[in-house]
Amino acid sequence: MTINHHLDEATLFSYVAGALGQGPALVVASHLAMCNLCRQRCRELEAIGGALLENIALAAVSDSTLASVLDRLDQDVIPEAAARPAPVANSEIPAPLASYVGDSLEDLSWKKLVPGVWVHDLPSQGKGITRLLRVAPGKAALPHSHRGSELTLLLRGSYSDEVGRFSTGDVADLDDQITHQPLVDSDHDCICLIATEYPLRYTTLFGKITQPLFGF
Amino acid sequence: MQDQPPGDEALSVVALRAEKASEAPVKDWSAMLAELAISRDRQLFIRLFRHFSPRIKGYIMKLGLTEATAEELTQEAMLSVWRKTHLYDPGKAAASTWIYTLARNLSIDWMRKQKYPEYDLDSWHEEAGEPPVLELAEQAVMSDQVAMAIRQLPDNQAQVIIMSFYEGRSHSEIADRLSIPLGSVKSRIRLASEKLKQALRGNHDH
Ligand SMILES: [Zn+2]
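For every chain, the first residue of the written sequence is number 1, and numbering continues from 1 along that sequence. Each chain takes a letter, starting from A, and each ligand takes a number, starting from 1, following the order in which they are written. In keeping with the predicted nature of the model, local features appear solely for residues at pLDDT of at least 70, side-chain atom pairs appear and are counted solely at 80 or more, and the whole-chain, interface and lining totals rest on all residues. Side-chain figures throughout are based on the complete set of non-hydrogen atoms in the structure, without hydrogens or water.

Participant: Can you walk me through the coordination of the zinc ion in this structure?
Facilitator: Ideal coordination angles are 109.5 degrees for a metal with four donors arranged tetrahedrally and 90 or 180 degrees for a metal with six donors arranged octahedrally. All names here are of chain A. Donor atoms (N, O, S) are those found within 2.8 Å of the metal centre, with the cutoff raised to 3.2 Å for Na, K and Ca; water is not part of the atom list, so apparent gaps in a site can occur. Distances from the zinc ion to its protein donors, H6 (ND1), H31 (NE2), C35 (SG) and C38 (SG), fall within 2.1 to 2.3 Å. Every geometry call rests on angle ranges, with four donors termed tetrahedral when all angles are between 85 and 135 degrees, four termed square planar and six termed octahedral when opposite donors are over 155 degrees apart and all others are between 65 and 115, and everything else termed irregular. Around the zinc ion, the four donor atoms sit at angles spanning 95 to 126°, and that spread fits a shape best called tetrahedral. Sequence positions of the donors to the zinc ion reduce to the motif H-x24-H-x3-C-x2-C. Of this pair, H6 sits in the segment before helix 1 (9-16) while C35 sits in the loop between helix 2 (22-34) and helix 3 (36-54); the two residues are 29 residues apart in sequence, bridging distant segments of the chain. Exposure remark for H6: the relative accessible area of 26% places this residue in the partly exposed category. Its relative accessible area of 2% is what places C35 among the buried residues. In DSSP terms, a helix is any run of H or I states spanning at least four residues, a strand is any run of E spanning at least two, and both are numbered starting from the N terminus. Three labels apply to residues, based on accessible area from a 1.4 Å probe with only protein chains included: buried if under 20% of the type maximum, exposed if over 50%, partly exposed otherwise in between.

Participant: What exactly am I supposed to notice about the pairing of strand 3 (residues 130-135) of chain A here?
Facilitator: As a general feature of sheets, a regular strand has side chains that alternate between the two faces. Residues and elements named next belong to chain A. Counting buried positions along strand 3 gives six out of six residues, so the element sits mostly inside the fold. Where burial is concerned, the two faces of strand 3 agree: the one with T130, L132 and R134 and the one with R131, L133 and V135 are both buried. Two strands pair if DSSP finds at least two bridges between them. One ladder, built from five bridges, connects strand 2 (residues 117-121) with strand 3; its direction is antiparallel. Its bridge partner lying in strand 3, V117 is registered against V135.

Participant: Help me understand the layout of surface pockets in this model?
Facilitator: Sizing a probe to match a water molecule and rolling it over the atoms shows the empty space that remains. By volume, the second largest pocket is sized at about 770 Å³. Residue assignment for the lining of the second largest pocket shows that the elements contributing at least two residues are helix 2, strand 5 (150-156) and strand 10 (190-196) of chain A together with helix 4 (95-111) and helix 7 (171-178) of chain B. If you tally residues by element for the lining of the second largest pocket, the top one is helix 7 of chain B, at four residues. These domain limits were set by an automatic method or by a database of domain assignments. Looking at which domains feed residues into the lining of the second largest pocket, each of domain 1 (6-123) and domain 2 (139-200) of chain B gives three or more. Cavity: a set of points on a 1 Å grid over the protein atoms alone where a 1.4 Å probe fits but cannot get out. Pocket: an open set with protein on both sides within 12 Å along at least five of seven lines, its lining residues, like those of a cavity, having an atom within 4 Å of a point. Grid points are joined across faces, edges and corners, and a volume is the space filled by probe spheres set on the points.

Participant: Could you clarify how one ought to interpret the interface of chain B and chain A in this entry?
Facilitator: One frequent convention defines the size of an interface as the accessible area lost when the parts assemble. We call two residues in contact whenever any of their non-hydrogen atoms come within 4.5 Å of each other. In this complex, chain B contributes 77 residues to the contact, which on the side of chain A involves 70 residues. Two parts placed together each lose some accessible area; with a 1.4 Å probe, that loss summed over both constitutes the buried area. Carbon and sulfur atoms make up 55% of the area that chain B and chain A hide from each other, which totals about 6900 Å². Within this document, salt bridges are pairs made up of a side-chain nitrogen of Lys or Arg and a carboxyl oxygen of Asp or Glu, the two lying within 4 Å of each other. Run the count over chain B and chain A and you get eight salt bridges. Polar contact criterion, stated in full: a pair of N or O atoms within 3.5 Å, where within protein one must be able to donate a hydrogen and the other to accept it, and residues adjacent in sequence count only if both atoms are side-chain atoms. Counting across the interface, chain B meets chain A through 28 residue pairs in polar contact (both at pLDDT 80 or more). Of all the elements in the fold, those that place two or more residues in the side of chain B that touches chain A are helix 2 (42-62), helix 3 (67-84), helix 4, helix 5 (136-152), helix 6 (155-166), helix 7 and helix 8 (182-200) of chain B. For the side of chain B that touches chain A, the element with the most residues is helix 2 of chain B, which contributes 16 residues. In this classification, the charged set is Asp, Glu, Lys and Arg, the nonpolar set is Ala, Val, Leu, Ile, Met, Phe, Trp, Tyr, Cys and Pro, and all remaining amino acids, among them Gly, are polar. Residue composition of the side of chain B that touches chain A, grouped by class: 35 nonpolar, 15 polar and 27 charged.

Participant: Sorry, what's going on with the sheet that holds strand 10 of chain A here?
Facilitator: Each strand in a sheet pairs with another by means of backbone hydrogen bonds, the pair being arranged parallel or else antiparallel. All names here are of chain A. Strand order in the open sheet made by the six strands is 1-2-3-10-5-8, with antiparallel pairing throughout. Of all the strands in the sheet, just strand 1 (111-114) and strand 8 (171-174) have a single pairing partner and so form its edges. Averaged over all adjacent pairs, the angle separating strand axes in this sheet is 25°, with direction ignored. Two strands pair when backbone bridges link them, and strand 3 and strand 10 are joined in this way by six bridges, in the antiparallel orientation. From the neighbouring strand, R134 faces strand 10, where its bridge partner is I191. Lines are fitted to the C-alpha atoms to define the axes, a helix being fitted only along its stretch in contact, and any angle between axes, read from their N-to-C directions, falls within 0 to 180 degrees.

Participant: When you look at the sheet that holds strand 7 (residues 165-167) of chain A in this model, what are you seeing that I'm missing?
Facilitator: Sheet architecture is open: three strands sit in the order 7-6-9 (chain A), paired in antiparallel fashion. If you trace the sheet from one side to the other, it starts and ends with strand 7 and strand 9 (183-184) of chain A, each paired once.

Participant: Explain the pattern of salt bridges here, please?
Facilitator: Side chains bearing opposite charge may pair, as long as their charged atoms lie close to each other. If you walk through the whole model with that rule in mind, you get 21 salt bridges over all chains. Between E9 of chain A and R41 of chain A there is a salt bridge, with the nearest N and O atoms lying 2.9 Å from each other. Placement of E9 of chain A in helix 1 and of R41 of chain A in helix 3 is noted, with a sequence separation of 32 residues between them. As far as the burial class goes, E9 of chain A and R41 of chain A line up, both buried. Of the charged contacts in the structure, one is a salt bridge between R72 of chain A and E76 of chain B, with a shortest N-O distance of 3.0 Å. Here R72 of chain A is found in helix 4 (residues 63-72), whereas its partner E76 of chain B is found in helix 3 on a different chain. Since its relative accessible area comes to 22%, R72 of chain A is described here as partly exposed.

Participant: Is there a simple way to think about the packing of aromatic side chains in this case?
Facilitator: Between two aromatic rings, the relevant description is the distance of the centres plus the angle of the planes. Residue and element names in this part refer to chain B. Under the pairing criterion, centres of Phe, Tyr and Trp rings, with the six-membered ring standing for Trp, must be within 6.5 Å; the plane angle then separates stacked pairs below 30 degrees from edge-to-face pairs above 60, leaving the rest tilted. Tallying each qualifying case throughout the model produces ten aromatic pairs over all chains. Note on Y59 and Y100: the rings are 5.5 Å apart at their centroids and 65° apart in plane angle, and the pair reads as edge-to-face. With Y59 in helix 2 and Y100 in helix 4, this residue pair connects regions lying 41 residues apart in the sequence. By the burial criterion, Y59 is buried, and Y100 matches it. Here the aromatic rings of Y100 and F165 are separated by 5.6 Å at their centres, their planes lie at 50°, and the arrangement is tilted. Separated by 65 residues along the polypeptide, Y100 in helix 4 and F165 in helix 6 bring together distant segments of the chain. The exposure classification of Y100 matches that of F165, with both residues buried.

In structure tokens, the structure reads:
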């Protein structure tokens, strides 16, 4: 897998700072699971986090707090729930996403939006949406712009838009200046994980009319 | 989260440790954390606790949580340090880096109902193919260099770094509070990040 499109530095920085919403953080973690380069970048930023922790203004912790922690050291630890499924070899599903969808993209309940376009919504807090989008070859998503950011990770297939060509493992990290209309150019369905901070803004009348229907 | 003034402590929040001479350098904290996994020595844990717990608590309070919550989460974080030391690899990251990610995840999980998506927290020692970010000896000086670099950032860059790292605010939130476009927030973070990384790498060429 050759990855050509990576995370924006500002996005990665916020992920490491713990300042990304749940959905965008899921896309970032999933890309990191697939991308050596961004993992290295991430570790560097984490080292900056460590340096900032080392130099932060201190808040006093009392000896009684220490005593109560010491009391608990030998308590039996309830093993952390095995909520995280074991990674499946050669799976197209990155580990962080697996705890949301299991081990198969085919077994999910896909909701048809229009012919050739399906979605599977993921539970996520916040104003934005987090979903898997599945688009048949030759189909296009509606042209749209966004308030806030949109992060898209390609899990299967490929598409092209005004920004470039995206295939498996690539991440499209778009800010609010961009209007785009992705067109699927793989010979099989394209499946991607998308997270936005806010609901999308459609730039065509059709999109504006259908938006409430599709919740899209 | 409590409402805090946006990033107004940009220059005061990163204070060099006053009694530095009496403290073990960062390198030793990393060696001690690794040692703890093997020895399970309570005295060693107490030393790590005295060093890291006021930092963890300071960090959590900066995120806007109450002192009571910060106290509780700090206890949980230090218990996790004790329970998870076997996952720590000093060749991969400084103790402060490992403990930072631990405290960050605990805090976010507490603030949200969902777990913060992690890419590999439990496998720090499994990716043998990846080179360490820094050699241990370099970790000793790097945190002071990064602190210095933050103080040298232009105010508007330091501000977004503080709001992002210490207050946990999203790009849009920062844009709203500072009344600047989202793109400006991102470009300030990119510029600042590049400078901090150079400090981390010990590159003094400006
Ligand atoms: Zn990447």
